[in-house]
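# Working through the structure, step by step
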Amino acid sequence: MIQAIGLTKVYQRGRRPALLDLGFEAGPGTVTVLLGPEGAGKTTALRRMLELERGEGVTLFDGRSYRRLRRPEREVGVVLPTAYPSSGSPGRTARGHLRMLAAAVGVPPRRADELLEQTRLATVAGHRLRSFSPGMSRRLALAVALLADPGALLLDAPTERLSPRNAEWLQAFVRAFPAGGGTVVVTTRSPQEAALLADRVVTLDDGCVVADQSVDDFRRTRLHPEVAVRGPQMARLADLLVTQGAEVRRDGGAGLAVSGLGRTEIGELAYRSGILLHELADRVVEQPAPRVPRIAPARTAALPAVRVRRTAAPAPATSGREPVPAPADPAPTLAPDLPEPGRQTQVLPAVQPGCDTVLLPAPLTGPDHWNG
Ligand SMILES: Nc1ncnc2c1ncn2[C@@H]1O[C@H](COP(=O)(O)OP(=O)(O)OP(=O)(O)O)[C@@H](O)[C@H]1O
């Protein structure tokens, strides 16, 4: 179980936060997608989760923050954009690179060979890294992340700039990983990819969570199937389509976007009416994310906006992979940047601009308060 609680990052004082109070839970056996456009805060979110960036909030991996994991490489495999193409010395072979890292994390060399097979790199295992394509580098980065057989994966835009074939392979891998109880958190800018990969979709915009939805809700509310039609007689076709009950809107100069009728019906109608078509294609377009403001309880609704930092860790959760409960952590489970135990809440001065979210200075008892 991964619990992200109140993750916030301000890169420059006085500037808008790159990430503001991100909270979500990613359960065992699931894929959670952080979806958002360029600059939405997805990479910052993963970097905060891994404590590569300082800031507020904490992420718990089965009840412990990343820096308190005893063997992080066995618990969380990470692929960030910095892992490729710079992963490894350019003169080293893929096999040499992976075996060296296998030794570093204490797994036998055969694990490196297995992963070369699994990531379809066996045939280029003896090639030097400098000759690797972006797709090969990405698969090698994934192999590195998997070396110690982690229960969770954090993947930042893993399919970006990959060939369709490599992207498909990676998507299939991500879908398959949770089958054994693993947890995946993956970022993407593509709503279509989110719908393909996710069990849960957390949509970010400008550093704020604007929606946290099951994939079914996401598909229903955010993805809109339509047919793109192009040709020289679109005004006439539009009239005919409307009489058939379709919804039609202009799409560029000689194009229509049609919903309510299928591609085959539109093609047949055009054919019967002697209308020439240059394009007839299914596509899915994104609807804007619904804003989901958190509702303030009536008794405190009149309070000024405040931010509340969590100071007590939630109850430890099990990973779903390991039936035995995690051993007690002798170290305190609070992140060092949070106040000492005992104090339930800390009220900070005014909320930063951005998210239409108000958090209230009520005592907190569990992570639910952070995800409502
Ligand atoms: N090191 C940094 N210093 C200052 N600002 C930064 C830094 N890194 C990111 N930002 C800013 O933080 C915001 C979020 O960036 P981030 O890279 O997390 O977005 P993203 O959703 O991952 O975008 P993309 O899809 O383009 O990778 C952006 O406005 C970005 O300019």
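Thresholds, definitions, all that
- Residues numbered from 1 in each chain as written.
- Predicted model: local features only at pLDDT ≥ 70, side-chain atom pairs only at ≥ 80, totals over all residues.
- Heavy atoms only, no water.
- UniProt positions renumbered as here; feature names shortened; annotations may be inferred.
- Helix = DSSP H or I, 4+ residues; strand = E, 2+ residues; numbered from the N terminus.
- Buried < 20%, exposed > 50% of the residue type's maximum accessible area, 1.4 Å probe, protein only.
- Areas by Shrake-Rupley, 256 points an atom, 1.4 Å probe, with all protein chains shown as cover.
- Pairing = 2+ DSSP bridges.
- Axes fitted to C-alpha atoms, helices over the stretch in contact; angles between N-to-C directions.
- Contact = heavy atoms within 4.5 Å.
- Parallel < 35°, antiparallel > 145°, perpendicular 65-115°, else oblique.
- Left-handed = near helix turned anticlockwise from the far one by under 90°.
- Nonpolar A, V, L, I, M, F, W, Y, C, P; charged D, E, K, R; others polar.
- Arc of directions from axis to C-beta.
- Near = heavy atom within 4 Å.
- Polar contact = N/O pair within 3.5 Å; in protein donor to acceptor, adjacent residues only side chain to side chain.
- Phe/Tyr/Trp six-rings, centres within 6.5 Å; stacked < 30°, edge-to-face > 60°.

An unreviewed UniProt entry lists the protein under the name ABC transporter domain-containing protein, with Kitasatospora nipponensis as the source organism. Its UniProt record gives the protein the following Sequence similarities (unreviewed entry) comment, quoted word for word: "Belongs to the ABC transporter superfamily."

### Observations regarding the overall build of the protein
The secondary structure content of the protein amounts to 10 helices and 15 strands. Counting all 372 residues of the protein, 47% fall into the buried class. Just so you have it, the protein exposes about 18,100 Å², and 54% of that area is on carbon and sulfur atoms.

### Looking at the sheet that holds strand β3 (residues 30-35)
The sheet built from 6 strands is open, its strands ordered β5-β6-β7-β3-β8-β9 with mixed pairing. Strands at the two margins of the open sheet, each flanked by one partner only, are β5 (76-79) and β9 (208-214). Strand-to-strand, the axes of this sheet are offset by a mean angle of 15°, without reference to chain direction. In the sheet, strand β8 (residues 200-205) pairs with β9 via 6 bridges, with the strands oriented antiparallel. The residue of β9 that forms the bridge with threonine 203 is alanine 211. Sitting on the sheet, helix α5 (residues 134-146) is in contact with β5 and β6 (152-155), with an inclination near 165° to β5. Sheet contacts for helix α8 (residues 215-222): β3, β8 and β9; angle to β9, the most-contacted strand, approximately 110°.

### Observations regarding the packing of helix α3 (residues 94-105) against α5
How two helices pack is summed up by the angle between their axes together with the distance between the axes. The geometry of α3 relative to α5 is characterised by a closest axis approach of 10 Å and an angle of 20° between their N-to-C directions. With respect to each other, α3 and α5 are oriented roughly parallel. Judged by the sense of rotation from one axis to the other, the crossing of α3 with α5 is right-handed. Contacts from Ala94, His97, Leu98 and Leu101 of α3 reach α5 at Leu140, Ala143 and Val144. Considered class by class, the residues forming the contact of α3 with α5 number 6 nonpolar, 1 polar and no charged.

### Focus: α8
Restricting attention to buried positions, one finds in α8 the residues Val215, Phe218 and Arg222. Down the axis, α8 shows its buried residues gathered within 65° of arc, on one side only. With respect to the buried face of α8, the exposed residues turned more than 90 degrees away are Asp216 and Arg220.

### Some remarks on the site of the ligand
Neighbouring the ligand are Tyr11, Ala18, Pro37, Glu38, Gly39, Ala40, Gly41, Lys42, Thr43, Thr44 and Arg189. One of the side-chain nitrogen or oxygen atoms of lysine 42 is found 2.7 Å away from an oxygen atom of the ligand. Contact with the protein chains removes 58% of the 630 Å² of surface that the ligand exposes when unbound.

### Quick look at the packing of aromatic side chains
Counted under the stated rule, the structure contains 3 aromatic pairs. On the basis of an interplanar angle of 70° and a centroid distance of 5.9 Å, the ring pair of phenylalanine 61 and tyrosine 66 is categorised as edge-to-face. Looking at phenylalanine 61, the relative accessible area reads 3%, which means it is buried. With a centroid separation of 5.8 Å and an interplanar angle of 20°, the aromatic rings of tryptophan 169 and phenylalanine 173 are classed as stacked. Highlighted residues: tryptophan 169 and phenylalanine 173, both in helix α6 (residues 164-176), separated by 4 residues, approximately one helical turn.

### Concerning the pairing of β3
Most of β3 is tucked away, with 5 of its 6 residues classed as buried. Strand direction decides the pairing type here: β3 and strand β7 (residues 183-188), joined by 6 bridges, are parallel. Note on β7: the bridge partner recorded for valine 31 is valine 184. Two elements, β3 and β8, share 4 bridges in a ladder whose sense is parallel. Looking at β8, one finds that leucine 34 is bridged to valine 202.

### Things to note about the packing of α5 against α6
In the contact formed by α5 and α6, the axes pass within 10 Å of each other and the chain directions differ by 20°. The angle between the axes of α5 and α6 places the two elements in the roughly parallel class. Of the two elements, α5 crosses α6, and the hand of that crossing is left-handed. Residues Gly135, Arg138, Arg139, Leu142 and Leu146 of α5 touch α6, and the partners they reach there are Asn166, Trp169, Leu170 and Phe173.

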